[in-house]
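# A closer look at the structure
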Amino acid sequence: MTAVSTAERPAPPAPSGARGARRSLTHPPRVGLLLVTPALALIAVFVLAPLLFALGISFTNWPLIGDVGFTGLTNYVSIGSDLGFLHAVLYTLLYTGIVTLPILVLGYALAVLVRSRRRGATLLRTVFFLPFVVGLTTLSFITLLEAQPNSGAINLVLAALGITDGSTAWLVDGPLATVLVSALVIWGVSGLTMLLLMGGMQAIPREVYESADLDGASWWQQEWRITIPMLRRTIAMSLVISVIGSLLAFTQFYILTQGGPGSATATVVLYIYKRAFVQLQLGAATALSVVLVVVVALVTALQMWLVRGEE
């Protein structure tokens with residue numbers, strides 16, 4: 001009995017591209033569609049539908065209580081003459097400029113401190129990240145208690161150091177309130193920046209630093225010429241996250257100052273909140289919210305452009 005050689009054996013027919021794709025066991029289109037359907041449904045119900053509803057409200061004079069009337073673009077046209085909103089925009093930009101760079105610098109310094117695997121680094125990471133875990137709401141309520149004149153820990157410590165007399169009213173003065181809120185946010189948010197930068201630092205190959213050591217590079221030269229350039233994407237992402245968070249600042253100002261004294265510390269989101277639920281002008285407030293969403297979307301697009309630019 002003669003064995004048939006491999007060369008003489010007929011090759012099995014190869015399936016066509018379209019037919020093979022339909023019979024694929026690893027990438028069936030229907031299964032993939034079923035898997036993403038719940039996420040698409042959640043986005044449609046809780047994101048797209050509210051956005052469309054808000055967009056419709058922005059073209060009305062919705063008073064929250066009373067009759068609703070269509071006003072067209074009146075709410076958008078009046079934004080340019082809304083001095084309260086313009087003041088809130090300027091203050092929000094000022095607040096963003098105050099906190100953004102310190103958050104990055106402090107987060108970078110903390111990341112340098114805890115990026116190694118030496119003893120105690122894990123404990124320090126936990127301690128530095130703990131304020132972010134606690135959250136700005138809790139930290140703001142604690143600060144509200146500790147900033148009281150003559151009784152709060154902040155005034156007691158400053159009085160013991162001879163800096164103040166212990167009776168400073170932090171929350172009834174615009175500049176002092178801004179300083180206090182900014183210090184609170186810098187302390188509470190730097191842990192997140194630390195975590196992001198630390199992850200990027202640990203991903204840099206050790207061989208790069210070893211080569212720099214052989215070339216006689218100092219620690220500062222290694223940070224400036226190796227670490228920072230290789231962390232550009234992470235730094236850009238951290239900056240954009242910080243900027244977006246500052247543009248949407250609400251909780252800390254609502255708890256600590258209520259936008260006061262007067263409107264000295266009113267941020268954009270706090271102003272929109274008061275316009276909607278204090279002045280009961282929901283239509284005008286929604287138009288302001290739509291503008292804010294567009295600005296945040298542009299900032300997010302800038303983030304994507306920065307990340308793509310580093311690839």
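In this numbering scheme, every chain counts its residues from 1 along its sequence in written order. Residues qualify for local features only when their pLDDT is at least 70, as the model is predicted, and side-chain atom pairs are given and counted only at 80 or more; totals for whole chains, interfaces and linings, by contrast, use all residues. Excluded from the side-chain calculations are hydrogens and water; all other atoms, namely the structure's heavy atoms, are used.

## Looking at the nonpolar core
The following threshold applies: What is meant by a nonpolar core is a set of buried Ala, Val, Leu, Ile, Met, Phe, Trp, Tyr and Cys residues, joined one to another through side-chain atoms within 4.5 Å. A simple rule labels every residue: compare its accessible area, found with a 1.4 Å probe on the protein chains alone, to the largest value its type can have, and call it buried under 20%, exposed over 50%, or partly exposed in between. Numbering goes from the N terminus for both helices and strands, where a helix is a DSSP run of H or I of at least four residues and a strand is a run of E of at least two.
By size, the foremost hydrophobic cluster in this structure holds 18 residues, and its most contacted members are Y95, W170, V181 and F253. Going through the elements one at a time, helix 4 (83-114), helix 8 (174-202) and helix 12 (251-256) are the ones with two or more residues in this core. Listed in part, the 16 residues of the second largest apolar core include A88, Y271, I272 and L282.

## What to know about the environment of L231
Rule in force here: Throughout, a contact is declared for two residues whenever any of their heavy atoms are within 4.5 Å.
By the element assignment, L231 lies in the loop between helix 10 (219-230) and helix 11 (232-247). A relative accessible area of 0% means that L231 is categorised as buried. Distance in space between the C-alpha atoms of L231 and A203 is 9.6 Å, their sequence separation being 28 residues. Contact partners of L231, with chain neighbours within four places excluded, come to Y108, L197, G200 and M201.

## Here we look at the confidence of the model for the chain
Heads up, the condition is: Values of pLDDT, the confidence the predictor places in each residue, fall between 0 and 100.
For the chain, the mean per-residue pLDDT works out to 86, and 90% of the residues sit at or above 70. When pLDDT is averaged over each element of the chain, helix 12 comes out on top at 95 and helix 1 (residues 17-22) at the bottom at 49. For the stretch residues 1-7, pLDDT sits under 50, and the model shows one contact to residues farther than four places along the chain or on other chains.

## Digging into helix 11
Operational definition: What a helix is expected to span follows from its residue count: subtract one and scale by 1.5 Å.
Helix length check: helix 11 (16 residues) gives 22 Å between terminal C-alpha atoms against 22 Å at 1.5 Å per residue, within 8%. Listing the buried residues of helix 11 in full gives I235, A236, S238, V240, S242, I244, S246 and L247.

## Structural notes on the packing of aromatic side chains
What characterises a pair of aromatic rings is the spacing of the ring centres plus the angle enclosed by the ring planes. The cut-off we apply is this: Centres within 6.5 Å are what make two rings of Phe, Tyr or Trp a pair, Trp counting through its six-membered ring; a difference in plane orientation under 30 degrees is then read as stacked, over 60 as edge-to-face, and the rest as tilted.
Scanning all chains against the criterion turns up 11 aromatic pairs. Members of the aromatic cluster, connected to one another through ring pairs, are F250, Y254, Y273 and F277.

## Some remarks on a negative patch on the surface
Going by this rule: Note on patches: the residues involved have over 30% relative accessible area and no salt bridge, like charges join within 9 Å, and the nonpolar side chains Val, Leu, Ile, Met, Phe, Trp and Tyr join within 5 Å. Methods summary: accessible areas were calculated by the Shrake-Rupley approach with a probe of 1.4 Å, and residue burial reflects only the protein chains presented. The rule for a salt bridge is simple: a side-chain nitrogen of Lys or Arg has to be within 4 Å of a carboxyl oxygen of Asp or Glu. For the purpose of charge, His is not counted, nor are the chain termini; Lys and Arg are scored as positive and Asp and Glu as negative. Lys charges are placed at NZ, Arg charges at CZ, Asp charges at CG and Glu charges at CD.
Together, E207, E210, D213 and D215 line one region of the surface with negative charge. On the secondary structure map, D215 appears in the loop between helix 9 (206-214) and helix 10. Residue D215 is classed as exposed on the basis of its relative accessible area of 68%.

## What to know about unusual backbone geometry
With an omega dihedral of 0°, the bond running from G260 to P261 counts as a cis peptide bond. The topology assignment puts P261 in the loop between helix 12 and helix 13 (268-277). Phi is positive for Q258, close to 55°, though the residue is something other than glycine. Structurally, Q258 can be placed in the loop between helix 12 and helix 13.

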